[in-house]
Amino acid sequence: MVQILREVQEACDWISPEAIDRLQATLGVPRTKIEGVAGFYSFLYLQPRGKYRILFSDNITDRMQGNLTLMERLCSSLWIEPGKVSEDGLVSVDKTSCTGMCDQGPALLVNNLAITRLSEARIDEIAELVRSNTPLAEWPADYFTVDDHIRLPDILLGSQMAPGDALRAAHGRAPSDGLMSSNMRSWREGLPTGLGGPAAMLDEIKRANLRGRGGAGFTTGLKWEACRNAPLKSGQQRFVVCNADEGEPGTFKDRVLLTSYADLVFEGMTAAAYSVGARRGFLYLRGEYRYLLEPLNAVLERRRKDGLLGADILGIPGADFDIEIHLGAGAYVCGEESALIESLEGKRGTPRNRPPFPVTNGYLDQPTIVNNVETFAAAALIALKGGEWYASIGTKHSAGTKVLSVSGDCERPGLYEYPFGVSIRQVLADCGARDTQAVQVSGPSGICVGPAEFDRTIGFEDIPTAGAFTIFDNSRDMFEVARNYVHFFQHESCGFCTPCRVGTALLKNLMDKLHNGCGSPYDFAEIEKMNQLLQSTSHCGLGHTACNPVLDTIEKFRPAYEKRMTRKDFAPAFDLDQALAAARQMTGRDDPGAHIIAEEFGEGSA
Ligand code: SF4
């Protein structure tokens, strides 16, 4: 359903009532269900949003690079208000959450296609292209260039594995010389010959001690084993799903892996399918990476032609597996694996109750493994070189390497791959960061690290991360960083459960109140109460972690909050006298008696 709605919108610019009528008749699905699904995803529109739908990326790094000023410039040039559609119905301009272009921002999406490196000149050109109604296909191609920015490769980003090598190794055959790069040849001595079939492949993954790279760090081998051992009812099958819905603000490593290492990812998915006995796989690609859809489909097609996907892979009778790509539509919560599965099934992306877990009751209630893009890429390396080799890299509890998406205040933003155990200080030195005040590791739901902690290390023993590494120098206001993250959580709350839906909105209001200079120490207690409520009663991780950026920055950067505490006790969240301005204007009164004087009530009593 999500794919159909997305295609309707691509063809018609929005999902009109007439389109819904036709879908209802063709698919036999009730109108309310179609509208319910479309209404969930922020990139699907049930109202016209213009021929050009422009969304400015609004991550904290976009803010640091001046995205709001550029948005104002475009709006005033096009004579429209942010969030509205122009009177002639041509264009709308609004904000969206992080688009995964933090290393080359500020960025925007036009009809879901990313434009990076925005500048005043580029904004003026875009305004002209819109005004002249120039088809998107005729806009300058360099607008849409997205660079990889690989700064420090290791075993994964430095891999030159030829397509099929990992699968051959998994099946117990050495790669043919014709398919081996010079780099590969040097690996040959270490190649574990005769991994010998699905069970042995699973053993290698367990031996590698590979843990999920999406942040939670669950042991991959155990997940695959549970799926492999899950009983199948009649007509059921197993599924492999790659979670490429990287929406955590500050992370963009999956974008690069899918751009330049797609074979490695698909090879890892195929090895997983071989291991658990799955015949069908999905890549769930975030809507912000729409531009990758055709190139990735081309890679899949090539792999089918080369006998690496489809029926009898590598000529092994019965080794059937194929992958299709599903595109997300702007819902951060779909990065949660059960919400992702709901979305794959064509529903609203609401996280499921767990247990049961996807390994037994996943896609269409059938056994499913869901792993991150980087996890599958690592699995392909393990299939090729063996678990022991992989486990020897990194630390005792964090085997292998981690790819970090480095952005913010540094000279060389981009991807850095390190064996686990690297210190924050080392990463800062490598990327050319100076005068650093803080690093936000793993996005808003992660941890904010101050200078006293820069010797802490990346790894499951200390600071686990999905990959975001956002740097703030001493010129940055850490209160505003936290406020941006709180706005993000409020925007992305799926609204399913009341504590998160209401709690994130209240938290946002509290931070806005402080921003407006109406704060008091009372608000610290309110934030703590909100945290307890969200932690204990939210349905999923988004609600559980929504207060993290505020609590972390209060603890480590308290002066940034205290300077906003203009009163010692309770202060109203808004200015009552100011709120009555419209009434005074309507009644034509502006005499002293028409004003509220705060002192009359006593400070803090309003
Ligand atoms: Fe949705 Fe928030 Fe509830 Fe998660 S905690 S299900 S995001 S409302």
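Higher on the page you've got the structure.
So, a few notes on the structure that sits alongside this text. (Residues numbered from 1 in each chain as written. Predicted model: local features only at pLDDT ≥ 70, side-chain atom pairs only at ≥ 80, totals over all residues. Heavy atoms only, no water.)

1. Describing the site of the ligand
Not every one of the 13 residues close to the ligand is listed here, only the nearest: C494, F496, C497, C500 and C540. Here the shell around the ligand is built from residues that sort into eight nonpolar, five polar and no charged. (Near = heavy atom within 4 Å. Nonpolar A, V, L, I, M, F, W, Y, C, P; charged D, E, K, R; others polar.)

2. As for the pairing of strand β9 (residues 368-372)
Walk down a regular strand and you will see the side chains alternate between the two sheet faces. The buried count for β9 comes to five of five residues, which makes it a mostly enclosed element. Of the two faces of β9, both are covered, the one formed by T368, V370 and N372 as well as the one formed by I369 and N371. In this sheet, β9 lies alongside strand β6 (residues 239-244) in parallel orientation, the contact comprising five bridges. Within the sheet, the bridge partner assigned to N243 lies in β9 and is N372. (Buried < 20%, exposed > 50% of the residue type's maximum accessible area, 1.4 Å probe, protein only. Helix = DSSP H or I, 4+ residues; strand = E, 2+ residues; numbered from the N terminus. Pairing = 2+ DSSP bridges.)

3. Some points on the side chain of T220
Relative to the helices and strands, T220 resides in helix α10 (residues 220-229). If we ignore the near neighbours within four places in the chain, the residues touching T220 are I205, L210, R211, G212, N371 and T375. (Contact = heavy atoms within 4.5 Å.)

4. Notes on the side chain of T401
As for its position among the elements, T401 is in strand β10 (residues 401-408). Ignoring anything within four residues of it in the chain, the contact list for T401 reads D154, I155, R213, E374, Y390, I393, E417, Y418, P419 and F420.

5. Some words on the packing of helix α19 (residues 478-492) against helix α20 (residues 498-515)
Axis separation between α19 and α20 bottoms out at 9 Å; the angle between their running directions is 150°. In terms of orientation, α19 and α20 fall into the roughly antiparallel class. The two elements α19 and α20 cross, and the hand of that crossing is left-handed. Contacts from F479, E480, A482, R483, V486, H487, F489 and Q490 in α19 reach T504, A505, L507, K508, M511, D512, L514 and H515 in α20. Here the contact of α19 with α20 is built from residues that sort into eight nonpolar, four polar and four charged. (Axes fitted to C-alpha atoms, helices over the stretch in contact; angles between N-to-C directions. Parallel < 35°, antiparallel > 145°, perpendicular 65-115°, else oblique. Left-handed = near helix turned anticlockwise from the far one by under 90°.)

6. Re unusual backbone geometry
Comment: phi is negative for the bulk of residues other than glycine, and the bulk of peptide bonds are trans. Omega for the bond connecting G105 with P106 falls within 30 degrees of zero, at -5°, which places this linkage in the cis form. Looking at the element boundaries, P106 is found in the loop between β2 (91-96) and β3 (108-110). One non-glycine residue, D13, adopts positive backbone phi at about 75°. Its place among the elements puts D13 in the loop between α1 (2-12) and α2 (17-27). In the Ramachandran plot, N111 falls in the positive-phi region, its phi being about 45° despite a non-glycine side chain.

7. Examining the sheet that holds strand β8 (residues 322-327)
Taken in spatial order, the four strands line up as β8-β7-β6-β9 in an open sheet, and their pairing is parallel. Looking at the sheet topology across the chains shown, the edges are occupied by β8 and β9. In this sheet, neighbouring strand axes are inclined to one another by 20° on average, regardless of whether the strands run parallel or antiparallel. As judged from the six bridges shared by strand β7 (residues 280-285) and β8, these two strands associate in the parallel manner. Pairing of L283 across the sheet is with I325, part of β8. Of the strands in this sheet, β7 and β8 touch helix α13 (residues 293-305), which is tilted by about 175° from β8. Here helix α16 (residues 373-385) sits on the sheet in contact with β6 and β9, set at roughly 95° to β9.

8. Digging into the nonpolar core
If you look at the biggest cluster of nonpolar residues, it comprises 132 residues, and the most contacted ones within it are Y41, W224, V240 and Y561. Contact partners of Y561, with chain neighbours within four places excluded, come to F479, A482, M511, L514, F524, P549, V550, T553 and I554. Grouped together as the second largest cluster of nonpolar side chains are 24 residues, L78, V110, I115 and L118 included. (Core = buried A, V, L, I, M, F, W, Y, C linked by side-chain atoms within 4.5 Å.)

9. Re the sheet that holds strand β4 (residues 113-115)
The four strands are arranged β2-β1-β3-β4 in an open sheet whose pairing can be described as mixed. Across the chains shown, the open sheet's two edge strands, defined by having one partner strand only, are β2 and β4. Pairs of neighbouring strands in the sheet enclose a mean axial angle of 25°, with direction left out of account. One ladder, built from three bridges, connects β3 with β4; its direction is antiparallel. The partner of V110 across the bridge, within β4, is L113. Relative to the sheet, helix α5 (residues 67-78) contacts β1 (52-57) and β2, its axis offset from that of β2 by approximately 170°.

10. Focus: the state of the cysteines
Applying the stated rule across the entire model yields zero disulfides. The closest cysteine sulfur to the non-disulfide-bonded C98 is located on C102, 3.6 Å from its own sulfur. (Disulfide = S-S within 2.5 Å.)

11. Here we look at the environment of P355
With respect to the helices and strands, the residue P355 is situated in the loop between α14 (337-344) and α15 (358-361). The class for P355 is exposed, based on a relative accessible area of 60%. Put simply, P355 and Y45 are 310 residues apart on the chain and 33 Å apart in space, counted from C-alpha to C-alpha.

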